[in-house]
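# Working through the structure, step by step
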Amino acid sequence: MRIHITYTGGTIGMVESDHGLVPGADMRGWLRRLLGESDELSDGDVTLTELDPLIDSSNATPDNWQSMIDDLYAHREEADAFVVLHGTDTMSYSSAALSYALTGFGKPVIFTGSQHPLGKIESDATANVTGALNAALSGRATGVSLFFGHHLFAGNRVTKASSWAFEGFNSPSTGMLACTGTPWQWESFDNPGEGWPTPKPYTRHDVAVIDTVPGMSADRLAAMLNPLPEAVLLRAYGVGNIPSLEPGFTDVIANALDAGVPVIVASQCEQANVLLGRYETGDAIAKAGAVGTGDMTLEAAYAKIIFLLSQGLTGTELSAWMGRSIAGEITVQND
């Protein structure tokens, strides 16, 4: 088994500085020592790319997603499986983004990172990296996944749930793919999606992500949408409900839709299935053309919007794809 590791930055490789933690650890040397203790992998079985620059994942953009994709394809013929070392803050955005772009990649890609830098005695870095390597060695990981805190998750079904816990991620709608143990426990999850042949590269796009809150006025919502973005991801209540009695609120959304801006409605609930029109408070925007995110995570929905915009889709064509599965990110509702 040949494994390629793409190191993007993040807490796992950070060191102390006068301005807080910054990338700077000797990742190559640390991995060499780690593999020196393995009976299943040797240093020669694993290759490493350090992306330049290494970043805190809070600074990640779609350009960084594309850099990861480019590196994976550059080493596709040299390796059987891939591990991406990534900061935890936006790791679930990146894993979702790569799942859409890599439906034709044909080899497993496993994201991981850590809550503590690798140089700390209390670090979870070793457990997470060895877990990701074991997932690769198992031959059972497929597509893009994320390993963290003894659990393997589908990369587009996972969200960061804690800033401090070693089990920092969960998958609220589908659960885990596997759990470490002797032996590992694997769950059945088969939702491959339609795929996307020859995707265009990721590019940056103007997407407004807005939370509704009690007392929010139509004027405030309108100000947030001026100038109009390319798409709106509106985080509503429950199954996609908005303050429909707030004067002019639904009109602002309808006006954006009339201008050709897709409005995608998500839920503020971590575990949800958005059903626009289930209540009167979501019916008006559904009739105006807004669409829901189903059971997608926020990260999967946002990355999907950016992916579709990067493919040149806009308006109703983009909206229609939000309810279709590209890489298993959504449970498709059959009428």
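Because the structure is predicted, anything quoted here is derived from the model rather than measured. Here the residue numbering is sequential within each chain, running from 1 through the sequence in written order. Selection of residues for local features in this predicted model requires a pLDDT of at least 70, selection of side-chain atom pairs for listing and counting requires 80 or more, and totals for whole chains, interfaces and linings are taken over all residues. Calculation of side-chain values draws on the structure's entire complement of heavy atoms; hydrogens and water are dropped beforehand.

Moving on: the environment of A178. Within the secondary structure, A178 is located in strand β11 (residues 178–179). Exposure remark for A178: the relative accessible area of 0% places this residue in the buried category. Separated by 25 residues in sequence, A178 and F153 have C-alpha atoms that sit 7.1 Å apart. Excluding residues that lie within four positions of it along the chain, A178 makes contacts with H150, H151, L152, W184, Q185 and W186. The helix and strand labels rest on DSSP assignments: H or I over at least four residues marks a helix, E over at least two residues marks a strand, and numbering proceeds from the N terminus. Here the term buried applies to any residue with accessible area under 20% of the maximum for its type, exposed to any over 50%, and partly exposed to those in between, with areas from a 1.4 Å probe on protein chains only. For this analysis, residues touch if any pair of their heavy atoms sits within 4.5 Å.

With that settled, consider the UniProt feature "active site" (unreviewed entry) in the chain. UniProt positions are given in the numbering used here, feature names are shortened, and annotations may be inferred rather than shown by experiment. The sites that carry the UniProt feature "active site" (unreviewed entry) are, in the present numbering, T11 and T88. Across 78 residues of sequence, these annotated residues stay compact in space, with a maximum C-alpha separation of 7.4 Å. One can find T11 in the loop between β1 (3–9) and β2 (14–15). Along the chain, T88 falls in the loop between β5 (81–85) and α3 (91–101). When its relative accessible area of 4% is taken as the criterion, T88 is described as buried. Once you skip the residues sitting within four places of it in the chain, T88 turns out to touch S57, S114, Q115, F148, K160 and F169.

Turning next to the nonpolar core. Here, the term nonpolar core denotes a set of buried Ala, Val, Leu, Ile, Met, Phe, Trp, Tyr and Cys residues that are joined through side-chain atoms within 4.5 Å. Counting 48 residues, the largest nonpolar core has W65, L98, V109, F111, Y202 and L308 as the members making the most contacts within it. Among the elements that make up this core, the one with the highest residue count is helix α8 (residues 298–310) (nine residues). What fixes the domain bounds is an automatic or database domain assignment. Mapped onto the domain boundaries, this core takes at least three residues apiece from domain 1 (3–186) and domain 2 (207–323). Beyond its immediate sequence surroundings of up to four residues, V109 is in contact with L72, F82, V84, L102, G143, V144 and S145. In this structure, L35, L48, L152 and L177 belong to the second largest nonpolar core, which totals 31 residues.

The next subject is the environment of A218. Summarising the element assignment, A218 is placed in helix α5 (residues 218–224). Residues A218 and E270, spaced 52 residues apart in sequence, show a C-alpha to C-alpha distance of 26 Å. Setting aside its immediate chain neighbours within four residues, A218 contacts E246, P247, G248, F249 and V252.

This paragraph deals with helix α1 (residues 27–35). Taken as a whole, α1 has its buried residues at M27, G29, W30, L31, L34 and L35. Packing partners of the buried residues in α1 comprise β1, β4 (46–55), β5 and α4 (125–138).

Okay, the side chain of K107 next. On the secondary structure map, K107 appears in the loop between α3 and β6 (109–112). This count recognises Lys and Arg as positive and Asp and Glu as negative, with His and chain-terminal groups excluded. Just to be clear on terms, a salt bridge is a Lys or Arg side-chain nitrogen sitting within 4 Å of an Asp or Glu carboxyl oxygen. It is E77 that comes nearest to the buried, bridge-free K107 among opposite-charge side chains, at 4.9 Å. Once you skip the residues sitting within four places of it in the chain, K107 turns out to touch R76, E77, A79, D80, F82 and G143.

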